[in-house]
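Architecture at a glance
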Amino acid sequence: GLTNWSAKVTDNGDLYVSAQAALVHDLGLAVRIDDNKPLYLLDETPWSEWTYSAAFFFDPNSIVMKNGNVHNIFVERNAAGLAINIVQFRRYTNQYQLRFQTRTDGAAYVNTPWQTIGDAPHRLTISWWAAAGPGLKNGGYYFQIETYPNTGEWWAWTKSNIDNDTRRIDSVLFGPSFGIDKQTRGTYYLDGFDSWR
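As the structure is a prediction and not an experimental result, all values here were calculated from the model.

This part takes up the sheet that holds strand 3 (residues 28-33). Ordered by their spatial adjacency, seven strands build an open sheet running 2-3-15-5-11-12-13, and the pairing between neighbours is antiparallel. The open sheet has two edge strands with one neighbour each: strand 2 (15-18) and strand 13 (154-162). Across the sheet, the mean angle separating the axes of adjacent strands is 20 degrees when strand polarity is ignored. For strand 5 (residues 51-59) and strand 15 (residues 186-196), the ladder comprises six bridges, and the chain directions are antiparallel. Bridge assignment links alanine 55 to a residue of strand 15, and that residue is aspartate 194.

Okay, structure coming up:
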């Protein structure tokens, strides 16, 4: 169910629990996109975290997207609601792609390359940490995508020289919270969200 989340934005039931959406165990989260309104679950469990990790499963499920369409499927925010870390999903050259981006103290984003994925379930893992203090550039991230069930195909990126000592994580948006285009329509699946300090 959705009751353990801090809040939910379902657009009259377009975000719902379904056995068909199950990627692990018996139930999963179906995300039915039939307009441009955001759909997400809010987790306010984090509290000014300077390190934060999360993992979840994602299946594009043949969702229809026009080349160039891109939206956020996972966002980590600070106490003011500013997006610090984002997982983005897009259609490009008729293929699905994912990338991760993180915000520096200077408000610029550091991005991984876009990674092409197949139309199948994948497990995404994000680990992030803030720099140890002012003037230090030792913040960073680790982002991994792997097929599920694991077929031996996976990709990972890490960076550890980011100036981000003022950044903290206070909430998480799980689902398409921003950027849905009018040419993106259909249903995809999310499941197995986990997070830790």
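Next comes the rest of the description.
Now for unusual backbone geometry. Here the amide bond leading from tyrosine 148 into proline 149 is cis, since omega sits at -5 degrees, within 30 degrees of zero. Topologically, proline 149 is positioned in the loop between strand 12 (139-147) and strand 13. Here alanine 107, not a glycine, exhibits a phi torsion of approximately 75 degrees, which is positive. On the basis of relative accessible area, alanine 107 is assigned to the partly exposed category, the value being 42%.

Summed over the entire model, instances satisfying the criterion amount to four salt bridges. Its salt-bridge partner being aspartate 14, residue arginine 32 comes within 2.9 Å of it at the nearest N-O pair. Of the two residues, arginine 32 is situated in strand 3 and aspartate 14 in the loop between strand 1 (7-9) and strand 2; the sequence distance between them amounts to 18 residues. The partly exposed category is assigned to arginine 32, whose relative accessible area is 32%. Its salt-bridge partner being arginine 197, residue glutamate 49 comes within 2.8 Å of it at the nearest N-O pair. Pair noted here: glutamate 49 is in the loop between strand 4 (40-43) and strand 5 and arginine 197 is in the segment after strand 15, with a separation of 148 residues, a long-range link.

Turning to the environment of glutamate 44, a few remarks are in order. Note on placement: glutamate 44 falls in the loop between strand 4 and strand 5. It is 28 Å that separates the C-alpha atoms of glutamate 44 and tryptophan 114, two residues lying 70 residues apart in sequence.

With that out of the way, let us pick up the side chain of aspartate 14. By relative accessible area, aspartate 14 is classed as buried at 4%. Excluding anything up to four places from it in sequence, aspartate 14 contacts Ala30, Val31, Arg32, Asp34 and Leu39.

Before going further, it helps to spend a moment on the pairing of strand 15. Where strand 3 and strand 15 come together, five bridges link them in antiparallel fashion. Considered in strand 15, the bridge of leucine 29 is made with leucine 190.

Geometry of an aromatic ring pair is reported as the spacing of the ring centres plus the angle between the planes. Tallied over the entire structure, the rule returns 15 aromatic pairs. When the ring of phenylalanine 58 is compared with that of tyrosine 188, the centres are 5.2 Å apart and the planes differ by 80 degrees; the resulting orientation is edge-to-face. Note that phenylalanine 58 is positioned in strand 5 and tyrosine 188 in strand 15, a separation of 130 residues in sequence. A centroid spacing of 5.9 Å and a plane angle of 85 degrees characterise the contact between phenylalanine 89 and tyrosine 188, whose relative ring orientation is edge-to-face. Taken together, the residues span a long stretch of sequence, with phenylalanine 89 in strand 7 (residues 83-92) and tyrosine 188 in strand 15 at a distance of 99 residues. For the pair phenylalanine 89 and tyrosine 188, one class covers both residues: buried. Following the ring pairs from residue to residue traces out a cluster consisting of Trp5, Phe56, Phe74, Phe174 and Phe193. One Lys or Arg, arginine 90, reaches over the ring of tyrosine 92 and ends 4.2 Å from the middle of that ring. Seen from the ring of tyrosine 96, arginine 91 lies directly overhead, with NZ or CZ sitting 4.6 Å from the centre.

About the criteria used
Residues numbered from 1 in each chain as written. Predicted model: local features only at pLDDT ≥ 70, side-chain atom pairs only at ≥ 80, totals over all residues. Heavy atoms only, no water. Pairing = 2+ DSSP bridges. Helix = DSSP H or I, 4+ residues; strand = E, 2+ residues; numbered from the N terminus. Axes fitted to C-alpha atoms, helices over the stretch in contact; angles between N-to-C directions. Buried < 20%, exposed > 50% of the residue type's maximum accessible area, 1.4 Å probe, protein only. Salt bridge = Lys/Arg side-chain N within 4 Å of Asp/Glu carboxyl O. Contact = heavy atoms within 4.5 Å. Phe/Tyr/Trp six-rings, centres within 6.5 Å; stacked < 30°, edge-to-face > 60°. Lys NZ or Arg CZ within 6 Å of the ring centre and 35° of its normal.

Structural measurements only, silent on function.
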